[in-house]
Amino acid sequence: MTVAFLFPGQGAQRTGMLHDLPPGFETYRTLSDAAAFLGRPVGPGDDGPNAFDSEAPMRTDTTAIQLALLIAGTAGARGLAARGCRPDWVAGHSVGAVTAAVAAGALDLTDALDLVRLRAALMSAAVPGDEYGMVAIGGLSQAQVERCAAQARAEGLTVYASNVNAPDQAAVSGNISGLDRVAALCRERGAARINSLHVPIPAHCSLLDGVVAPLTDHLADLARAGRLRRPQCAWVTNIDGRPTRDPQRMAADLAQGVARPVRWYDATTGLYERGVTLFTELMPAGTLTALADAAFPHARSYAVGRDLDSAAVLIRRFKLPVGPLSAPCSFSPYPHHQEPL
């Protein structure tokens, strides 16, 4: 039995999330590290309307949102590591992939904070203004959502199908009028759920193509300096949903992924095929846990909260040796998933 740690991306953030982290030294250390890098306090003691994780920035400030997600996920992963709980696999949705790299030991937190700050700034600058966003469509297939987006583009609107989170859930990214048109077309075709995401940019589509080159250069510098390292466990890509331990593949995925759809369902399906029996989502948890629950009823999904001791008990139970498959299993009945890590 093996354990995967999952790290959420934009849309999962919550107001006050850095004030609601698990108590303990590892949270204090993470918040202190982040405060030293940012040159301002974060978390408890950073109160009022100008707090880093107050309502306004958690809705509209891409940089604050992405940094807060990195800080929260790192605090949880460090707290579990201090309790002897480390993952066999890590996967992160969008910016969560950077947090996953920290949890796997491929990046130091300071380098990750610097990377995410650059990433968020480039993404915001690529589409200035507040006329863009993302919408999640539930109850239709990826192909149906793509056809709706193509029809809207044929009408002169700017919108693209993006992330594939489940067989019946895909996201679209674009300007507000394009998103509204796709939502209307999807409703006509029987969409069960249409949710506007708290994401103030059109991530994971060609509108962000200009972000790829500067991110590629930055990540190449980290790799050359040995600061993007081979991870201690397999890290799952966003672009094709496959695990790797190659820093060059990680760098390419982290750079190119901002302008490409996140293949989240492929990523988690690959983990399930390889024998993952516990999907553990780090803070702020809930979104990815619900997706795993629906997709893999024979596995266990767990949303980590403030009680890390209970989470650690569960993780240790799932990591007990159970025979020849107690180590991470690379076998899959699907040939495209059989590759060296």
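What comes next concerns the included structure.

The rules behind these values
- Residues numbered from 1 in each chain as written.
- Predicted model: local features only at pLDDT ≥ 70, side-chain atom pairs only at ≥ 80, totals over all residues.
- Heavy atoms only, no water.
- Helix = DSSP H or I, 4+ residues; strand = E, 2+ residues; numbered from the N terminus.
- Buried < 20%, exposed > 50% of the residue type's maximum accessible area, 1.4 Å probe, protein only.
- Contact = heavy atoms within 4.5 Å.
- Lys, Arg positive; Asp, Glu negative; His and termini not counted.
- Charge placed at Lys NZ, Arg CZ, Asp CG, Glu CD.
- Phe/Tyr/Trp six-rings, centres within 6.5 Å; stacked < 30°, edge-to-face > 60°.
- Pairing = 2+ DSSP bridges.
- 1 Å grid on protein atoms, 1.4 Å probe; cavity = no way out; pocket = protein on both sides within 12 Å on 5 of 7 lines; lining within 4 Å.
- Points joined across faces, edges and corners; volume = space filled by probe spheres on them.
- Nonpolar A, V, L, I, M, F, W, Y, C, P; charged D, E, K, R; others polar.
- Axes fitted to C-alpha atoms, helices over the stretch in contact; angles between N-to-C directions.

Turning our attention to the overall build of the chain. Scanning the chain for helices and strands turns up 12 helices and 10 strands. C-alpha atoms of the chain, sized along the principal axes, occupy 55 × 50 × 40 Å. In the chain, buried positions account for 54% of the 341 residues. Of the contacts made within the chain by residues no fewer than 6 positions apart, 75% connect residues no fewer than 24 positions apart. Between the mean site of the 30 positive side-chain charges and the mean site of the 32 negative ones, the chain shows a separation of 5 Å.

Time to look at the packing of aromatic side chains. Any aromatic ring pair is given by two values, namely how distant the centres are and how the planes are angled relative to each other. All told, the structure shown has 3 aromatic pairs when counted by the stated rule. Here the aromatic rings of Tyr 265 and Phe 296 are separated by 6.4 Å at their centres, their planes lie at 5 degrees, and the arrangement is stacked. Remark: Phe 296 occurs in the loop between helix 11 (287-295) and strand 10 (300-303) and Tyr 265 occurs in helix 10 (residues 264-273); sequence separation between them is 31 residues. With 5.4 Å between their ring centres and 20 degrees between their planes, Phe 279 and Phe 296 make a pair best called stacked. Placement of Phe 279 in strand 9 (residues 276-281) and of Phe 296 in the loop between helix 11 and strand 10 is noted, with a sequence separation of 17 residues between them. Across the pair, Phe 296 and Phe 279 agree in class, each one buried. Clustering of aromatic rings is evident, with ring pairs tying together Tyr 265, Tyr 272, Phe 279 and Phe 296.

This next bit is on the pairing of strand 3 (residues 132-138). Most of strand 3 sits inside the fold, with 6 of its 7 residues counted as buried. Pairing between strand 3 and strand 5 (residues 169-175): 7 bridges, direction antiparallel. Among the inter-strand pairings, Gly 133 is bridged to a residue of strand 5, identified as Gly 174.

Estimated volume of the largest pocket: approximately 490 Å³. His 93, Asn 165, Gln 169, Thr 287 and Leu 291 are, among the 29 residues lining the largest pocket, the residues nearest its centre. For the lining of the largest pocket, the elements supplying multiple residues, two or more each, are strand 3, strand 4 (159-166), strand 5 and helix 11. At 6 residues, the largest contribution of residues to the lining of the largest pocket is made by helix 11. Residue composition of the lining of the largest pocket, by class: 17 nonpolar, 10 polar and 2 charged.

Let us now look at the sheet that holds strand 10. With respect to topology, 6 strands assemble into an open sheet ordered 8-7-2-1-9-10, the strand pairing being mixed. Of all strands in the sheet, those bounded by a partner on one side alone are strand 8 (243-244) and strand 10. Pairing geometry for strand 1 (residues 2-7) and strand 2 (residues 89-92), over 4 bridges, is parallel. The partner of Ala 4 across the bridge, within strand 2, is Trp 89. Set on the sheet, helix 11 makes contact with strand 1, strand 9 and strand 10; between it and strand 10 the angle comes to about 170 degrees.

In this structure, Pro 284 follows Met 283 across a cis peptide bond, with omega equal to -5 degrees. Relative to the assigned elements, Pro 284 resides in the loop between strand 9 and helix 11. One non-glycine residue, Ser 94, lies in positive phi territory at about 60 degrees. In this fold, Ser 94 is placed in the loop between strand 2 and helix 4 (96-103).

Keep in mind that these numbers describe shape and distance, not what the molecule does.
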